[in-house]
Amino acid sequence: MSEASAPHAADSRELTAAQRNAVAELLRVSPVADELGRRFADAGRELHLVGGSVRDALLGRLGDDLDFCTDAHPDQTLRIVKGWAESIWETGREFGTIGCQRDGLRLEITTFRAEAYDQVSRNPIVEYGTSLAEDLRRRDFTINAMAVSLPEHRFTDPHGGLDDLAARVIRTPGTPAESFGDDPLRMLRAARFTAQLRFAVHPDVRAAMAAMAADLDRITAERIRDEFTKLLCGADPITGLRLLVDTGLAERFLPELTGLKLEIDEHAQHKDVYEHTLTVVANAVSYETDGCDFVLRMAALMHDVGKPATKAVGSDGRVSFHHHEVVGARLTKARMKAMRYPKDVTAQVVKLVGLHLRFYGYGRGEWTDSAVRRYVTDAGDLLARLHKLTRSDCTTRNRRKAAALAADYDALEERIARIAAEEDLARVRPDLDGNAIMELLGVPPGPMVGRAWKHLKELRLERGPLDRDEAEAELLRWAREQGIDG
């Protein structure tokens with residue numbers, strides 16, 4: 001990396017922390033980036049490392065995906081990278097982007113854009129721009145509107161992105177209204193960056209988000225889903241979620257979150273469900289051990305969305321939310337379907353929401369071994385997440401109550417472990433399989449075999465493992481009750 005990569009600094013001792021980060025990060029990718037820059041220069045074209053790549057380099061967190069912009073059109077870019085790139089893809093070609101790979105780095109090279117929206121359609125109208133300055137001005141935020149020219153390493157920052165990076169603030173290159181009018185998804189991206197980077201939005205940006213929230217309706221569910229997922233998986237999702245609610249953006253695509261701000265009746269005090277939910281999300285994050293667990297975080301966010309519809313005040317003035325987990329599971333399924341989440345992801349979140357209350361009551365000593373088996377079987381491969389969600393849901397400020405709940409759950413987990421060691425709880429199944437059932441009862445494949453199998457599984461859950469003779473005797477007894485001669 002040349003000394004020119006550190007603008008306004010003749011000596012490395014004078015570099016800011018951000019610039020030192022950039023030097024270290026860009027040195028790592030320079031062999032590939034500079035080589036590519038020379039190929040473009042030899043072809044009479046410009047190449048600039050740009051956007052999130054420059055931002056992340058300054059933050060010391062540059063990954064292996066690099067973004068470039070150029071004055072070359074896609075056909076010209078293809079000619080320049082062919083024979084040099086190890087692989088090439090053209091999936092973004094209609095947007096002016098050519099992707100390729102070299103030495104473990106994924107490179108996306110996009111023609112200068114003067115992108116515009118017709119204020120009605122959901123997709124951008126892509127027009128090629130003619131200069132780096134024009135390209136940077138069309139970008140979403142100043143922290144993403146910086147560039148490093150290659151191979152000479154000239155730093156370009158026309159909108160004060162470096163200062164905003166230092167101040168940890170999110171601003172737009174032009175006016176927020178102009179930026180969000182071009183692409184309303186940028187409002188959601190602003191919230192996402194507060195969660196990912198722990199930055200604050202500029203007051204003007206926040207005001208525009210609130211004023212223009214309804215414009216988000218122009219954006220496809222898939223694009224909203226992808227941004228929201230990144231927000232929820234951010235380092236600080238709570239700040240991002242608060243911003244969505246406070247600006248009215250959540251109301252446009254996740255109204256259940258806004259709906260959690262229940263009015264607290266003067267005569268029927270209960271905990272603030274909205275604040276409780278945000279605390280549960282934060283608790284869930286603290287239980288993660290290997291990066292973001294979206295299913296767990298989403299279940300934590302949605303676990304109480306059934307409360308507004310089930311709120312009731314009894315004659316004694318106490319507030320109740322009977323069966324809110326059932327209503328919540330239904331609402332969660334509908335919302336995640338509307339947001340176009342995959343069916344398998346939705347099913348896992350819905351199941352956790354439906355099960356999140358099951359534990360309560362265990363501490364009263366009412367659970368038999370059968371109840372524990374059913375708890376484990378119903379949770380299936382979501383049991384570890386259900387443990388985390390249930391523990392996260394304990395947000396009481398009453399230390400004695402919190403300690404009692406934690407002790408109860410410790411006892412349940414110990415009991416599960418004991419029974420699991422004895423009975424292979426991970427795979428609770430009937431003691432006889434379908435073939436054995438057909439042979440013993442002398443029946444062909446069909447509904448009767450399924451009914452017999454279900455009966456044996458219920459018996460297994462209720463009594464634990466049976467030996468072969470016991471299982472066969474129970475099956476024959478059941479068959480006689482059904483009028484089947486075995």
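Conventions we followed
- Residues numbered from 1 in each chain as written.
- Predicted model: local features only at pLDDT ≥ 70, side-chain atom pairs only at ≥ 80, totals over all residues.
- Heavy atoms only, no water.
- 1 Å grid on protein atoms, 1.4 Å probe; cavity = no way out; pocket = protein on both sides within 12 Å on 5 of 7 lines; lining within 4 Å.
- Points joined across faces, edges and corners; volume = space filled by probe spheres on them.
- Helix = DSSP H or I, 4+ residues; strand = E, 2+ residues; numbered from the N terminus.
- Nonpolar A, V, L, I, M, F, W, Y, C, P; charged D, E, K, R; others polar.
- Buried < 20%, exposed > 50% of the residue type's maximum accessible area, 1.4 Å probe, protein only.
- Pairing = 2+ DSSP bridges.
- Core = buried A, V, L, I, M, F, W, Y, C linked by side-chain atoms within 4.5 Å.
- Contact = heavy atoms within 4.5 Å.
- pLDDT = per-residue confidence, 0-100.
- Disulfide = S-S within 2.5 Å.
- Salt bridge = Lys/Arg side-chain N within 4 Å of Asp/Glu carboxyl O.

Focus: empty space enclosed by the protein
For the coordinates displayed, the defined rule picks out two cavities of 30 Å³ or more. By volume, the second largest cavity amounts to about 40 Å³. Forming the boundary of the second largest cavity are 10 residues, of which L26, L49, V148, L150 and H153 lie nearest the centre. Sorting elements by how many residues they give to the lining of the second largest cavity places helix α1 (residues 17–42) first, with five residues. Here the lining of the second largest cavity is composed, by residue class, of seven nonpolar, two polar and one charged.

Brief notes about the side chain of E227
With respect to the element layout, E227 can be found in helix α9 (residues 221–232). With a relative accessible area of 5%, E227 lands in the buried category.

Here's the deal with the pairing of strand β1 (residues 47–50)
By the alternation rule, side chains of β1 split into L47 and L49 and H48 and V50, which are all buried. Across three bridges, the pairing between β1 and strand β2 (residues 65–70) is antiparallel. Within the sheet, the bridge partner assigned to L47 lies in β2 and is T70. Of the pairings in the sheet, the one linking β1 to strand β6 (residues 147–149) comprises three bridges and is antiparallel in character. Residue pairing across strands places H48 opposite S149, the latter belonging to β6.

A few points about the nonpolar core
Residues F68, F228 and L244 are the most contacted members of the largest nonpolar core, which totals 106 residues. The contacts of F228, once residues within four sequence positions are left out, are L188, L241, L244, F253, L254, M298, L301, M339 and Y341.

Section: unusual backbone geometry
For the bond from L150 to P151, the omega torsion is 10 degrees, close enough to zero to count as cis. Its place among the elements puts P151 in the loop between β6 and β7 (154–156). The phi dihedral of D103 falls on the positive side, at around 50 degrees, and the residue is not glycine. Relative to the elements of secondary structure, D103 occurs in the loop between β4 (97–102) and β5 (105–111). Notably, H153 is not glycine yet its phi reads approximately 70 degrees, a positive angle. Along the chain, the position of H153 falls in the loop between β6 and β7. A relative accessible area of 4% means that H153 is categorised as buried.

So, the confidence of the model for the protein
Interpreting fine coordinate detail is not advised for predicted regions of low pLDDT. Model confidence for the protein is summarised by a mean pLDDT of 84, while 84% of its residues fall at 70 or above. Throughout residues 1–14 the model reports pLDDT below 50, and contacts reaching past four residues in sequence, or to other chains, amount to 17 contacts.

Examining the state of the cysteines
Overall, the coordinates contain one disulfide when judged by the stated rule. Between the sulfur of C233 and that of C292 lies a disulfide, 2.0 Å long from S to S. What sets the handedness of the C233 and C292 disulfide is the S-S torsion sign, and at about -60 degrees it is left-handed. Residue C233 is found in the loop between α9 and α10 (237–247), and its partner C292 is found in the loop between α13 (273–286) and α14 (294–302); the two are separated by 59 residues along the sequence.

Observations concerning the pattern of salt bridges
Taken as a whole and assessed by the stated rule, the structure comprises 28 salt bridges. Measuring nitrogen to oxygen at the nearest pair gives 3.6 Å for the salt bridge that ties R106 to D65. Taken together, the residues R106 in strand β5 and D65 in strand β2 connect sequence positions 41 residues apart. Residue R106 is classed as partly exposed on the basis of its relative accessible area, which comes to 38%. Using a relative accessible area of 48% as the deciding quantity, one classes D65 as partly exposed.

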